[in-house]
Amino acid sequence: MKIAIDGPSGAGKSFLAKQIASRLGIVYVDTGALYRTVGLAVKRADIDPRDTASVIRLLPEIEVELTYIDGMQCVLLSGENVGDKIRTPEMSMYASLVSAIPEVRKFLFNTQRSIAEKNSVVMDGRDIGTVILPDADVKIFLTASNEARAHRRYLELKEKGIETTPEKVLEEMIERDRNDSTRDVAPAVAAPDAVLLDNSHLDGEGTVLRALEIISEKLG
Ligand code: DC
């Protein structure tokens, strides 16, 4: 079984995908973590993420691997578990910028495809239904209003002790969504056969229940 969940930042894709994975007993793959990890490597190499040529030159020098420790997805950057180092607002922006580079997407393609070939998966990202799993059994495009998404992202960052303001989160989120949805390669758009799920007025459990309905309708 292959389930694709795409959508803009802060829509709750990772919460939903984790819940689906644990309720259906399948593997959860957070593909944004891979782009964030490339972003971290770029930052550590002191490269400007907009400097496409330098980012491309860095790729052969790094290794990005997906692994599972106690059922939790971990990303290894040249053998080092990156943990929460990729979860800062700065890394969100780095990830968004490097993800617009076709060579970066190509670099991460096989890692994503091969895990889906070996397992039943629910993957979340931006191009899962369009590029990574065009053959997915179920495709959900999860979205919510800008205000609802920014509010959720703000609470998430606050809980992690990251200093920011709701206004700054909204501004950065809009900029990142614009990058992600207007880039030339694999823009974050709904696949033609995706089911749109707007959860502006649903809580987490309400979103999970609606998604499970969509899955069972699709799988018959
Ligand atoms: O899902 P996330 O916020 O962790 O993703 C970080 C960035 O990575 C996002 O702004 C765009 C990029 N990304 C992508 O281009 N394609 C994916 N499948 C997942 C993420």
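Novice: For this particular structure, what's the right way to read the site of the ligand?
Specialist: Lining the immediate surroundings of the ligand are 14 residues, of which Arg36, Arg105, Arg126, Arg176 and Asp180 lie closest. In this structure, Arg126 approaches the ligand through a side-chain N or O atom, which is 2.9 Å from an oxygen atom. The side chain of Asp180 places a nitrogen or oxygen atom 2.7 Å from an oxygen atom of the ligand. When the ligand sits alone it has 440 Å² of accessible area, and the protein chains cover 97% of it. For the shell around the ligand, the secondary structure elements donating two or more residues are α2 (32-44), α4 (89-98) and α8 (166-182). Here the shell around the ligand takes 3 residues from α2, the largest share from any one element.

Novice: Whenever I open this one, unusual backbone geometry confuses me. Can you help?
Specialist: Excluding glycine, most residues fall at negative phi; most peptide bonds, likewise, are trans. One non-glycine residue, Asp46, adopts positive backbone phi at about 60°. Among the structural elements, Asp46 can be located in the loop between α2 and α3 (52-58). The exposed category is assigned to Asp46, whose relative accessible area is 72%. In this model, Ala186 sits at a positive phi of 45°, which is unusual for a non-glycine residue. You can see Ala186 is positioned in the loop between α8 and β8 (195-198). Judged by its relative accessible area of 13%, Ala186 is buried.

Novice: Help me understand the sheet that holds strand β7 (residues 138-143), please; the structure alone is not making it clear to me.
Specialist: The parallel open sheet is built from 5 strands, whose spatial order is β2-β6-β1-β7-β8. Of all the strands in the sheet, the pair left with one neighbour each is β2 (27-30) and β8. Recorded for the sheet is a direction-independent mean angle of 20° between the axes of neighbouring strands. Sheet strands in contact with helix α9 (residues 204-219) are β1 (2-6), β7 and β8, and its direction is about 155° off that of β7.

Novice: Would you mind going over the sheet that holds strand β3 (residues 64-69) with me for this structure?
Specialist: Either a parallel or an antiparallel arrangement is found when strands of a sheet pair, and the pairing is made through backbone hydrogen bonds. One open sheet holds the 3 strands; their spatial order is β3-β4-β5, and the pairing between them is antiparallel. What marks the edges here is a single partner per strand, and that holds for β3 and β5 (80-81). Sheet topology note: the β3/strand β4 (residues 72-77) ladder contains 6 bridges and is antiparallel. Residue pairing for β4: Ile69 is matched across the bridge by Met72. Relative to β4, α2 is tilted by about 30°, and along the sheet it contacts β3, β4 and β5.

Novice: I tried to follow the nonpolar core on my own but got confused; where do I start?
Specialist: In globular proteins that are soluble, nonpolar side chains generally tend to be buried together. In this structure, Val38, Val42, Val64, Val104, Met123 and Leu133 are the most contacted members of the largest nonpolar core, which totals 35 residues. Only α2, α3, β3, β4, α4, α5 (102-118), β6 (121-125) and α6 (128-132) provide two or more residues apiece to this core. The biggest single contributor to this core is α2, with 7 residues. Ignoring anything within four residues of it in the chain, the contact list for Val38 reads Leu59, Val64, Val98, Val104, Phe107 and Leu108.

Novice: Would you take a moment to explain the pattern of salt bridges for this structure?
Specialist: Side-chain pairing between opposite charges can occur once the charged atoms of the two side chains come close. For the coordinates displayed, the defined rule picks out 15 salt bridges. Close ionic contact of Arg44 with Glu80 constitutes a salt bridge, the shortest N to O distance being 2.8 Å. Taken together, the positions of Arg44 in helix α2 and Glu80 in strand β5 put the pair 36 residues apart, joining distant regions of the chain. On the basis of relative accessibility, which here comes to 43%, the residue Arg44 falls in the partly exposed class. Between Arg149 and Asp177 there is a salt bridge; the shortest N-O distance is 2.8 Å. Of this pair, Arg149 sits in helix α7 (residues 146-159) while Asp177 sits in helix α8, and the two are 28 residues apart along the sequence. For Arg149, a relative accessible area of 4% corresponds to the buried category. Residue classification places Asp177 among the buried residues on the basis of a relative accessible area of 13%. Three or more residues are tied together by salt bridges with common partners; here these are Arg44, Glu80 and Lys85.

Rules of the game
- Residues numbered from 1 in each chain as written.
- Predicted model: local features only at pLDDT ≥ 70, side-chain atom pairs only at ≥ 80, totals over all residues.
- Heavy atoms only, no water.
- Near = heavy atom within 4 Å.
- Polar contact = N/O pair within 3.5 Å; in protein donor to acceptor, adjacent residues only side chain to side chain.
- Areas by Shrake-Rupley, 256 points an atom, 1.4 Å probe, with all protein chains shown as cover.
- Helix = DSSP H or I, 4+ residues; strand = E, 2+ residues; numbered from the N terminus.
- Buried < 20%, exposed > 50% of the residue type's maximum accessible area, 1.4 Å probe, protein only.
- Pairing = 2+ DSSP bridges.
- Axes fitted to C-alpha atoms, helices over the stretch in contact; angles between N-to-C directions.
- Contact = heavy atoms within 4.5 Å.
- Core = buried A, V, L, I, M, F, W, Y, C linked by side-chain atoms within 4.5 Å.
- Salt bridge = Lys/Arg side-chain N within 4 Å of Asp/Glu carboxyl O.

Such coordinate-based values are descriptive only and should not be taken to indicate function.
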